[in-house]
Protein chains: 2
Amino acid sequence: MTSKAGPQAAIGDRRRVVICDVVPQVDGGEVSIKRVIGDSVNVEANIFADGHDELAFVLLYKRAGDSVWRESEMAGLGNDRWQGSFAVDEIGRWQYSIQAWIDRFGTWQERLKKLADAGQLSKDSLVTEFQFGAALVSDAAEEAECFAALGDSASESLPGADKGAIQLVEWAEMLVNPKERSEDQLALALSSELRQVVYQYQPRRFATTFGRELSVVVDRPLAKFAAWYEVFPRSCASKPGQHGTLADLIARLPLMADMGFDLVYLPPIHPIGMTGRKGRDGSLKAGVNDPGSPWAIGSKDGGHKSIHPQLGNFSDFRKLLLAADDLGLEIALDIALQCSPDHPYVREHPDWFVRRADGTFQTAENPPKKYEDIYQLDFESADVKALWHEVKSIFDFWINKGVRVFRVDNPHTKPLAFWRWLIERIKDKNPDVLFLSEAFTRPAMMHELAKAGFSLSYTYFTWRNTKSEVADYFTELNQGPAREYFRPSVWPNTPDILHAYLQEGGPGAFEARFILAATLAGNYGIFGSSFEMTQGQARSGNSEEYAHSEKYEIRNWDWDLTAGLRPLIAKVNGIRRDNQAFAAGGDLTFHRIDNDQLICYSRAALSNGVEDNAILVIVNIDSKSTQAGWTDLDKASLGLTQGEEFWVDDLLTGKSYQWTGARNFVELNPDHATAHIFRIRRLGVSPEAPAKSEPTARVGKN
Amino acid sequence: MTSKAGPQAAIGDRRRVVICDVVPQVDGGEVSIKRVIGDSVNVEANIFADGHDELAFVLLYKRAGDSVWRESEMAGLGNDRWQGSFAVDEIGRWQYSIQAWIDRFGTWQERLKKLADAGQLSKDSLVTEFQFGAALVSDAAEEAECFAALGDSASESLPGADKGAIQLVEWAEMLVNPKERSEDQLALALSSELRQVVYQYQPRRFATTFGRELSVVVDRPLAKFAAWYEVFPRSCASKPGQHGTLADLIARLPLMADMGFDLVYLPPIHPIGMTGRKGRDGSLKAGVNDPGSPWAIGSKDGGHKSIHPQLGNFSDFRKLLLAADDLGLEIALDIALQCSPDHPYVREHPDWFVRRADGTFQTAENPPKKYEDIYQLDFESADVKALWHEVKSIFDFWINKGVRVFRVDNPHTKPLAFWRWLIERIKDKNPDVLFLSEAFTRPAMMHELAKAGFSLSYTYFTWRNTKSEVADYFTELNQGPAREYFRPSVWPNTPDILHAYLQEGGPGAFEARFILAATLAGNYGIFGSSFEMTQGQARSGNSEEYAHSEKYEIRNWDWDLTAGLRPLIAKVNGIRRDNQAFAAGGDLTFHRIDNDQLICYSRAALSNGVEDNAILVIVNIDSKSTQAGWTDLDKASLGLTQGEEFWVDDLLTGKSYQWTGARNFVELNPDHATAHIFRIRRLGVSPEAPAKSEPTARVGKN
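Let me sum up the structure you'll find in this document. The model shown is predicted, which means the values in this text are computed figures rather than measured ones. (Residues numbered from 1 in each chain as written. Chains lettered and ligands numbered in written order. Predicted model: local features only at pLDDT ≥ 70, side-chain atom pairs only at ≥ 80, totals over all residues. Heavy atoms only, no water.)

## Concerning the overall build of chain A
Of the regular secondary structure elements, chain A holds 16 helices and 28 strands. Summarising its shape, the C-alpha atoms of chain A cover approximately 105 × 70 × 45 Å along the three principal directions. Sequence separation of at least 24 residues holds for 76% of the intrachain contacts in chain A that already meet a minimum separation of 6. Entry remark: accessible area of chain A is about 28200 Å², with carbon and sulfur atoms responsible for 48%. Taking the 77 positively charged and 96 negatively charged side chains of chain A as two groups, their mean positions are separated by 4 Å. (Helix = DSSP H or I, 4+ residues; strand = E, 2+ residues; numbered from the N terminus. Contact = heavy atoms within 4.5 Å. Areas by Shrake-Rupley, 256 points an atom, 1.4 Å probe, with all protein chains shown as cover. Lys, Arg positive; Asp, Glu negative; His and termini not counted. Charge placed at Lys NZ, Arg CZ, Asp CG, Glu CD.)

In structure tokens form, the structure reads like this:
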């Protein structure tokens, strides 16, 4: 046990200001919050002291590793609650804290004002008061001189400190000069100009700094807003039956770009083992031409740092990255920490694997399920340090090859301490690298993986199909405490999960799930062609496994952009990009609608009217029948006043409707449209410039 | 800044179990929770590991300072949430934490069971499996031998460890003995008996201990349940106009005991200063016979360690404590950290006081209000350490004289760091000492004072008079996070606060406020005789100050137990003691009643029926008129089933009514009764013994 409960209080502490209940703060500051470039971090705290003194405080923030804190002002919310914010404009780790102290000059000035108002100031007492005040002004003057002496060398030292110092010295002299009229002295003493300049330079006597340096990990915007496309390169061949290659994938990239995706993510591309290789539909006997599961990694051709020969070589891989980049796409790789019996590690490091009492290797299993084609790594191995280093070297290897986004397979079967260590070290050097946690397990583990550093996390969306399930889950994700560290990545399907809703619902079900995914979350993804082509056939009745799963065989697809859902996908991805309500992660609100088959929600990025962007989505989740209902809109959440008339423009069909109240009739016939995606259009919004507040900065002194 | 955000992850950590989201836990474990003797501490946490292994865990607890942890079992609540509890049976500080590790034997047994069920165990594989299991059993046997070797010297070492060791060795041999039939070996391997014994002794390989030792301060039951009575000893003389003495107070104690109070609390009993002494009603000029405010402490007769000569001497004080003790009463003293200009400290330690620029002493003020009779201590003084020590010595002085309960005046005008230091040190040596925080200020400070260690805290009750104010406030106090550390002490009046509701409401208002205070909170108090005699006259129209306040003059009261509210007070205090719903701090629930002048709530201590004690209180807060309404009872909170008939026995009048549903008619005429205090009486409850679960204990090993 490392820390004692309750810090021992030290005698004679003269820091009288208390700073507590600081938010955002996860697990007492042990866990970083997450933001992307361009976000601002809003910080609130209770700040107060004993007695009735005036306080001064600043929000401190800096890049981790910087020695100088930057500062921004805080504003009062009432009842000792204060708020400030800072913008994060670089990726990497930032830190923030709060510093506060007694504003002795302000306290003196407020007191003087009250005494003057109450007529309690005699000539004699004024002389004494001015002496006291002048001493405080002189203290500030001295500080200002120090700042001035820093000059240009400290780029953020207070501008005008030299002039400030001169001015303060003059004022201090005036307060105690017997030749001045006491009325003039009193006017000076009570002036807000004097207070403001003193405030800027006053010594921070007995200042309290919040006991923890809180931290925020800042990522690329992609971490908050991206559409993912999962594809098996081997399914990209132009001729049926052929094993596709990275070169074939390159030829397919324009299709993915045209659909508006940001990321193309590939299952493992490493050599596939022969021992225990699985056949079609996961059968125990592989046929001669069965390609095996890409997750059974490693063969005589190499392991996690090699490319499966049938896919191509590193030159092909480099071409793939370049081709993707030309199209505005990024390639994400899947890293699965498990080995085929033929993986070089098995021979070179037998101690890294789970073994039986007789020394033989234990194949992976979850009885009665068996995975004869893979061995499990042993994270309790005596040689575990070497194992950690080696795994890190796998990520480093692909980072050096140009990969910046990793989807990590089953991270919940490896220790959390390992992920914390790995991600911290990799992001320290490569803060642009992102990790997606593919953990479909119980909530506590999924949350701790996000806290351990995963940039993005798979969710339960795949199994949340009813109206209340969807509303409850997304409300929790958006409004619960996890919103500070858990970034949802939502998928209507994966190579492992073809939900019964899709198996039974036909094309309308695919449309509904696609629109929900793409409009409810900033990050969503689909397991490519089989989804677009609305393939709903499972291996068997109770199974979520695909029939003819691409995990075990090569498939060929119709690569025509006008086939299946592709036009809808392209349209919706365009709508996402064009609307700040989606692109900037606007607030999500669920609205009542009196039909359980209709889900109604909005995302809204509201500023001051002209830049407002509010989108109202209504989805019919009954893919078989027409459903109709009356909305009960929370108009405020759409940036609308109570009685205000407005237009809703359907971005899918181009049709517009004029609405007034909260109550509006909606009917969706799945043969024609599964959903409305309405942009709210206000009438008569006056075009004002958006109000902006820039925090002032000055040099920190701690 | 003392701590880094995010602990640096260390390489090669093989502790795979994660323990997080532990409750109760205040401010990341920095603040102790509070309990009293006899309470149990219920602890919950998320506990899980990567993969699918079985886990083992224990709740750890001990007295602070003990070297050996005690342990109790934890039970599953689902979704990786686990719960355990321990009873606190001694006052002082306790600590608690959680330890968890992979249950290797349990994991192996579960796996074996699944393989057996799936028919996946060949003869050969069985031999290997049994080898593996036998090794785990042998490991446990070795541990058991260690425990056995500790013998009687470690009083809590596992009983029967010697027998356990022998048994485990036998079982391990049987598992690998080729002469045994494999069916018998399998039956043994899968037996719950084997698992249980192994579980008890298994080595805690790579065990995780929660990173913080959480702490709980355990107080005497008085801290949770007590009725306080505030009295000025100088108002206790038998003849009008005379200055009462401690001896006079002794003569009045039986009255307070007969009313059922637990604590008699005295305003400061120290010498009162002459300089700036206030006259009647706080006037600036004191008359020759005006006794001054007891809060203007210090004169030529001494300071905080002296007794005002007109009250008596230390011999009288000792007699007072003894007399109180004989009556089951305890004496609480008020400690006010401020000094009259005549206090010895002013002469001896001028540096301890706030001074003006010209060196003169600053009298206390809150402009335009002035307190000419007191100087303020300066907690920014360069000599602050000596000041802290001296203040502590004041408390120590009275503790040595036998005082165990202190009411601290205006703690919010002294630094929180000081209180944390003072209370921690005093309670380390004298864990039976209690501190009541008299802070009537903003919520953040009131909460931080409770976190700093104050055992009890004044509340806003005095100003919460409407139905919704009362319900909202007590719901927050009972159900919000503060319930772990903030113990409310509720007062309908104080020497400083005579609320307009009492000024205007007449005797019925006093009755209503008394019953609310006494039944809504475990700790409540009244500022004595003026409350009992329903004195509602304020100094002036807008003032909450009493006319002829006892702060500035000597009053005389009718000391007849049958006068004013005294019979009601005695009855209600008796009801409080006789009913576990109050005495054990039963759950508080507000029930709907369709009249804003009627407040309806219950407290219930529910066990299994026969020991249930549920009290339903209905108070008419309109002291002038009859009010009637229909209840809408939450029957479950009263331990009643939906359709169940029950009796309500009014403990104030002795009358009983038979009720069935949630809806019942109630009418209260303030001329006859301000409130009902109903005890719920169920019909046909079967007398079962209450279920008890005792956690098992064993020796901790960390």
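## Here's the deal with the sheet that holds strand 19 (residues 488-490) of chain B
Residue and element names in this part refer to chain B. Read around the closed barrel, eight strands run 11-12-13-16-17-18-19-20, paired in parallel fashion. Between one strand axis and the next, the sheet turns by 30 degrees as a mean value, whatever way the strands run. Note: strand 18 (residues 456-458) against strand 19, two bridges, orientation parallel. Its bridge partner lying in strand 19, S457 is registered against P488. (Pairing = 2+ DSSP bridges. Axes fitted to C-alpha atoms, helices over the stretch in contact; angles between N-to-C directions.)

## Re the relation of the copies chain B and chain A
For the pair chain B and chain A, the superposition axis carries a translation of 0.0 Å, the fit reaches an RMSD of 0.1 Å, and the rotation angle comes to 180 degrees. Such a combination of turn and shift is consistent with a two-fold rotation axis. Residue G28(B) of chain B places its C-alpha closer to the rotation axis than any other residue of that unit, at 2.4 Å. The share of interface residues of chain B whose copies in chain A are also at the interface is 100%, consistent with both copies meeting through the same surface. (Least-squares fit on C-alpha atoms with pLDDT ≥ 70 in both.)

## A short note on the pairing of strand 1 (residues 17-23) of chain B
All names here are of chain B. With five of seven residues buried, strand 1 is to be regarded as a mostly interior element. Two strands pair when backbone bridges link them, and strand 1 and strand 3 (residues 40-49) are joined in this way by five bridges, in the antiparallel orientation. Looking at the pairing, C20 lines up with N46 of strand 3. (Buried < 20%, exposed > 50% of the residue type's maximum accessible area, 1.4 Å probe, protein only.)

## What about the pattern of salt bridges?
Under the defined criterion, the tally for this structure stands at 93 salt bridges over all chains. Two residues, R195(A) and D103(A), come together in a salt bridge whose shortest N-O distance is 3.9 Å. Highlighted residues: R195(A) in helix 5 (residues 192-201) and D103(A) in the loop between strand 8 (92-102) and helix 1 (104-117), separated in sequence by 92 residues. Judged by its relative accessible area of 2%, D103(A) is buried. The salt bridge partner of E448(A) is K451(A), with a shortest N-O separation of 3.0 Å. Note that E448(A) and K451(A) are positioned in helix 11 (residues 443-452) at a spacing of three residues, about one turn of the helix. There is no split in this pair, since E448(A) and K451(A) are both buried. When salt bridges with common partners are traced through the structure, they connect R16(A), D50(A), D53(A), R205(A) and E380(B) into a single cluster. (Salt bridge = Lys/Arg side-chain N within 4 Å of Asp/Glu carboxyl O.)

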